[in-house]
Amino acid sequence: MSTLSLLAAKGISKRFGGVHALSDVSFTINHGEIYGLIGPNGAGKTSLFNVLTGIYTADDGNFIFDGEPLDRVKPNEVAERGIARTFQNIRLFQNLSALENVMIGRHVRTKAGVFGAMFRDKNTLAEEAAIEKRAYELLGYVGVAKRANDLAKHLAYGDQRRLEIARALATEPKLLALDEPAAGMNATETQGLKRLLEEIRRDGITILLIEHDMKLVMSVCDRVLVLDYGRKIAEGSAAEVQNDPKVIAAYLGSEVSLNLKG
Amino acid sequence: MTKRRVKRAPPKVWAGVALIVVALALLPFVAALAGQAWVRILNFAMIYTMLALGLNIVVGFAGLLDLGYIAFYAVGAYVYALLASPHFGIHLPFWVILPLGAGLACIFGVLLGAPTLKLRGDYLAIVTLGFGEIIRIFLNNLNAPVNITNGPQGINLIDPFRIGSFSLARAGPVLGIDFSGPQKYYYVLLLLTICVIVINIRLQNSRLGRAWEAIREDEVAAKAMGINTRNVKLLAFAMGASFGGIAGAIFSATQQFVSPESFGLFESIIVLAMVVLGGMGNIPGVILGAVMLTLLPEVLRYTMEPLQLALFGRVLLDAETVRLLVFGIALVAIMLYRPAGLWPSAVRKRELETPKVVAE
C-alpha cells in the first residue's frame, strides 16, 4: 500500500436483483487530490457513493481507507473514520436552522451525553460554545453566514448546497465526497463553488466529486474516473479522459449504435 | 427555532418570573376555595405534564410515534405500589423508589426501543401499541401462580410521600399555615415538575437534543453525519420512559391505589393528544396541552349541568355524556384551526403555514 493513497477501492461490485449497478470497480484516490467521478446517468456513480459510505454493502470487493479496511462499516462509523458526504438530492435537516445543521455535523467529534446535557457542567458548556463557534466559522467559510438563523429549507438552492458542504466539513473529514454539488447552480454560482473546492483542497481535505458539469470537472479535478453501466471505462487526467474514445462513445452513445449495426 | 441563549436576563424578566412564582404558590389556596377536588385536579395536571414532556422526547424530538407510552407510567406506578404498601409488607421511602421506578421504566424503554429500531411511523405505532397492551395485560394477570400485582383488584393502601413522620397525605399545619393533603402534594409536585421541565429544556438544547431532531428530520442524513442512530434512538426511548416512570410513581403515591385499569390505551392516546394538541416538540406547548386537556374535562364536568339548566330550564343530557361530547368536539376544532398545535414551536409553525414569501 502506497502511503500516497487515501482511499483504495478493489473490485467493488453491487447488484440489485439482476442489475449490475457496479461491476469490479477499482481505483485509488491520493491524499490531497480532487478526484472526479463521471459517467452518464445511471452509470453507478451514486451507487458507488452509497457503497463507500456504508448505506449499501458491496457484494464483492473492498475499500481501504487511510490504511485500514472499510468493510461492513455502518454509515455513522464511516463518518467517524473520516468520510463525509453530501447528497445528490440535498438532504439537509429542513426544519432546523442553518446553524443547527452545521452544529449537528459536529456531533461525531464531540461527546457530551445525557448527564452533560442535564447538569451542564463546565466541560459540556465549553464544548457547546466550541460547537457553536466552529459552526459559525464553517458557515462563513462556505459563505452562508448571513443565513445562520434561517431554516435550512428557506435557503436559496445554491446556499443549501453550500450548507450541505459546511455540514459535511463539520465532521472533520479526510475525504469529502460530493454528489453533484453544482447541480442546479448557475454559471456564477458554479464559479464560486469551484473556488470553494480549491480552498477546501488547500486546507488539506481530499475531495471525491461526482459532477455532470464537465467544465467544472475538467477545470478542477486532478484525475477522473469514468463509469458506464457500472464498469470503469477510463481513468486518468482530465485531458486524457476527455480524449478517450470509449468515454466519448459512452457520452454520445456511438458505441451503442455501432453495436446495433455490427 | 433559533436558540440564542439569554446571557443575562433583564429586570423585567425577573419581575415576570417572580409574578409566576407567587401565582403558582398561591394557586392551591385559590383552587381550594372551589373545593379540594380542584387541588387534586391541579396535581393531576402536573402529573400529566411530566408524562407529556416524557412522551414529547420520543414523539416531538426524535419523531418516533409511540402509542404505548402509558406502559412506562404503569411500570413506575407499580414499582412504587409494590415497594411501599402492605401488599408485600415493604415500605421503602419515596426518594429510594422514585429513582428505582425511573430506572426500571428506563430499562423497559430500551426493551421496547431495541426491537423497533428499524421501524418508523405507522409500523412503530402498532408495535408500541401492542407493547402498551402487553404490560397492562401482564399487570392484570400477574396474580397467579404467584400473586405479584394482585391482578385486576389492584394494590391498595399505598404509602403516601412521607419524610420521617411528616406525611404529605394528611392535613396539618406547616409553619403555622394549615395545609390540606393535596395542597402539600401540590408543592412537591410543582418542584418535581419544574425539575422535569428544566431537564427537558436542557436536553433539547444539547448535542443529544440536536441528534434527536436530526433523526426526526432525516435519518439517512443523520447517519451520514456520524450520528449513531441506534444509540440515540434508544436514549430517546429510555429518557422518555424514565419521565413516565417518575410520573407513575407519583401517581401511585397521590392516589394510594393502583389497578391495571388506569393504564389502558385511552390513557396513551390522551397523553399523545396533549403532545400533539399542545405543539409537538415545543416544551411550553406540551405543558399547555397537558394542563388544558386535564382541566377541560373537569371544568365541563362541573359546568354542563348548570349550563343546561340555565339554557333549557332542565337537564337534557347527562353531564357525563355531554362533557365527553364537548371535549371531543373541542379536540377536533383545535386540530382544524390550529393544525400545528395550540403553541407550536417556531419551526413547526413555519413548516405548516403557507409561506407568504417563497424562498428566493
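Fair warning: this is a prediction, and the values are worked out from it, not measured in the lab.

Here's the deal with the overall build of chain A
When its secondary structure is counted, chain A shows eleven helices and ten strands. The C-alpha atoms of chain A give a radius of gyration of 19 Å, which matches the 18 Å a tight globule of 262 residues would have. In terms of overall dimensions, chain A has C-alpha extents of about 75 × 40 × 35 Å along its principal axes. Relative to its 262 residues, chain A shows a buried fraction of 47%. Contacts in chain A between residues at least 24 apart in sequence constitute 67% of all its contacts with a sequence separation of at least 6.

Quick look at the overall build of chain B
Scanning chain B for helices and strands turns up 13 helices and six strands. A compact globule built from 360 residues should have a C-alpha radius of gyration of about 21 Å, and chain B, at 21 Å, falls within 12% of that. A principal-axis box enclosing the C-alpha atoms of chain B has dimensions of 65 × 55 × 50 Å. Among the 360 residues that make up chain B, the fraction classed as buried is 44%. Sequence separation of at least 24 residues holds for 74% of the intrachain contacts in chain B that already meet a minimum separation of 6.

Side note on helix α6 (residues 157–169) of chain A
Residues and elements named next belong to chain A. Here α6 contains 13 residues, and its C-alpha end-to-end distance of 19 Å stays within 8% of the 18 Å for a straight helix at 1.5 Å per residue. Where burial is concerned, most of α6 is hidden: twelve out of the 13 residues are buried. By the burial criterion, the buried members of α6 are Gly158, Asp159, Gln160, Arg161, Arg162, Leu163, Glu164, Ile165, Ala166, Arg167, Ala168 and Leu169. Close packing links the buried residues of α6 with β6 (83–85), α3 (98–105), α5 (122–142), β7 (175–179) and α7 (187–202).

So, the interface of chain B and chain A
Each partner contributes residues to the interface: chain B has 30 residues there, and chain A has 34 residues. Contributions of two or more residues to the side of chain B that touches chain A are made by α6 (181–204), α7 (207–217), α8 (219–224), α9 (229–255) and α13 (346–352) of chain B. Considering each element in turn, the side of chain B that touches chain A owes the most residues, eight residues, to α7 of chain B. For the side of chain B that touches chain A, the per-class residue count stands at 14 nonpolar, six polar and ten charged.

Regarding the environment of alanine 247 of chain B
Residue and element names in this part refer to chain B. For alanine 247, the position within the fold is in helix α9. For alanine 247 and leucine 98, which are 149 residues apart along the polypeptide, the C-alpha to C-alpha distance reads 9.1 Å. Look past the residues within four positions of alanine 247 in its chain and what remains in contact with it is Ile47, Met50, Leu51, Gly54, Tyr73 and Gly76.

Focus: the packing of helix α4 (residues 94–113) of chain B against α9 of chain B
Residues and elements named next belong to chain B. Their axes nearest at 7 Å, the elements α4 and α9 cross at an angle of 140 degrees. It follows from the interaxial angle that α4 and α9 lie oblique. For α4 against α9, the interelement crossing comes out right-handed.

Here we look at unusual backbone geometry
Cis geometry is adopted by the peptide bond preceding proline 145 of chain B, which originates at alanine 144 of chain B and carries an omega value of -5 degrees. Take proline 145 of chain B: it is sitting in the loop between α5 (121–141) and β3 (162–163). Positive phi outside glycine occurs at glutamate 172 of chain A, with the angle close to 55 degrees. Within the element layout of this structure, glutamate 172 of chain A appears in the loop between α6 and β7. For glutamate 172 of chain A, a count of 17 C-beta atoms within 10 Å gives the class partly exposed. In this structure, asparagine 150 of chain B takes a positive phi of about 65 degrees despite not being glycine. Relative to the helices and strands, asparagine 150 of chain B resides in the loop between α5 and β3.

Let's talk about the sheet that holds strand β10 (residues 231–236) of chain A
Strand pairing in a sheet takes place through backbone hydrogen bonds and is either antiparallel or parallel in direction. All names here are of chain A. Read across the open sheet, the six strands follow the order β6-β7-β8-β3-β9-β10; overall the sheet is mixed. A single partner strand is all that each edge strand has here, and the edge strands are β6 and β10. Pairs of neighbouring strands in the sheet enclose a mean axial angle of 20 degrees, with direction left out of account. Summarising the sheet, strand β9 (residues 223–228) and β10 pair through five bridges and their orientation is antiparallel. The residue bridging aspartate 228 from the neighbouring strand is arginine 231, located in β10.

Thoughts on the sheet that holds strand β4 (residues 60–65) of chain A
Residue and element names in this part refer to chain A. As summarised here, the arrangement of the four strands in space is β2-β1-β4-β5, forming an open sheet in which the pairing is antiparallel. In the strand order of this sheet, the two ends are held by β2 (19–30) and β5 (68–69), each with one partner. Examined bridge by bridge, strand β1 (residues 5–16) and β4 share five bridges and lie antiparallel to one another. Residue pairing across strands places leucine 7 opposite phenylalanine 65, the latter belonging to β4. Running over the sheet, helix α1 (residues 45–52) touches β1, β2 and β4 and is turned about 70 degrees from β2.

A closer look at the confidence of the model for chain A
Summing up the model confidence of chain A, the mean pLDDT is 89 and the portion of residues at 70 or higher is 95%. This model gives residues 255–262 of chain A a pLDDT under 50, and the stretch forms two contacts once residues within four places in sequence are excluded.

Re the confidence of the model for chain B
Residues and elements named next belong to chain B. Scored by pLDDT, chain B comes out at a mean of 86, with 92% of its residues at no less than 70. Low pLDDT, under 50, characterises residues 1–6; the stretch is placed with six contacts to residues that sit more than four places away or in other chains. In this model, residues 348–360 is a region of pLDDT below 50 whose contacts with residues beyond four sequence positions or in other chains number 15 contacts. At the level of chain-chain contacts, confidence expressed as ipTM amounts to 0.90, with global pTM at 0.88.

Describing the environment of phenylalanine 237 of chain B
Residues and elements named next belong to chain B. Mapped onto the elements, phenylalanine 237 comes out in helix α9. Assessed through the 27 C-beta atoms surrounding it within 10 Å, phenylalanine 237 is described here as buried. Separated by 127 residues in sequence, phenylalanine 237 and valine 110 have C-alpha atoms that sit 6.2 Å apart.

Let's talk about α5 of chain B
Taking 1.5 Å per residue as the helical rise, α5 of chain B with its 21 residues ought to reach 30 Å, and the 30 Å between its terminal C-alpha atoms agrees with that figure. Buried positions along α5 of chain B lie against α3 (70–83), α4 and α10 (265–278) of chain B.

Some words on the pairing of β9 of chain A
Moving residue by residue along a regular strand, the side chains alternate between the two faces of the sheet. Residue and element names in this part refer to chain A. The element β9 is extensively covered by neighbouring structure, given that five of its six residues are classed as buried. Relative to β9, strand β3 (residues 34–38) runs parallel, the two sharing four bridges. Residue leucine 37 lies in a different strand from β9, and its bridge partner there is leucine 225. The loop that links β9 with its antiparallel partner β10 comprises two residues; one of these, tyrosine 229, has a positive phi angle of about 50 degrees.

The rules behind each value
- Residues numbered from 1 in each chain as written.
- Chains lettered and ligands numbered in written order.
- Predicted model: local features only at pLDDT ≥ 70, side-chain atom pairs only at ≥ 80, totals over all residues.
- Helix = DSSP H or I, 4+ residues; strand = E, 2+ residues; numbered from the N terminus.
- Rg over C-alpha atoms; globule rule 2.2 N^0.38 Å.
- Buried ≥ 20, exposed ≤ 12 C-beta atoms within 10 Å, placed from the backbone.
- Contact = placed C-beta atoms within 7 Å.
- Expected span 1.5 Å × (residues − 1).
- Nonpolar A, V, L, I, M, F, W, Y, C, P; charged D, E, K, R; others polar.
- Axes fitted to C-alpha atoms, helices over the stretch in contact; angles between N-to-C directions.
- Parallel < 35°, antiparallel > 145°, perpendicular 65-115°, else oblique.
- Left-handed = near helix turned anticlockwise from the far one by under 90°.
- Pairing = 2+ DSSP bridges.
- pLDDT = per-residue confidence, 0-100.

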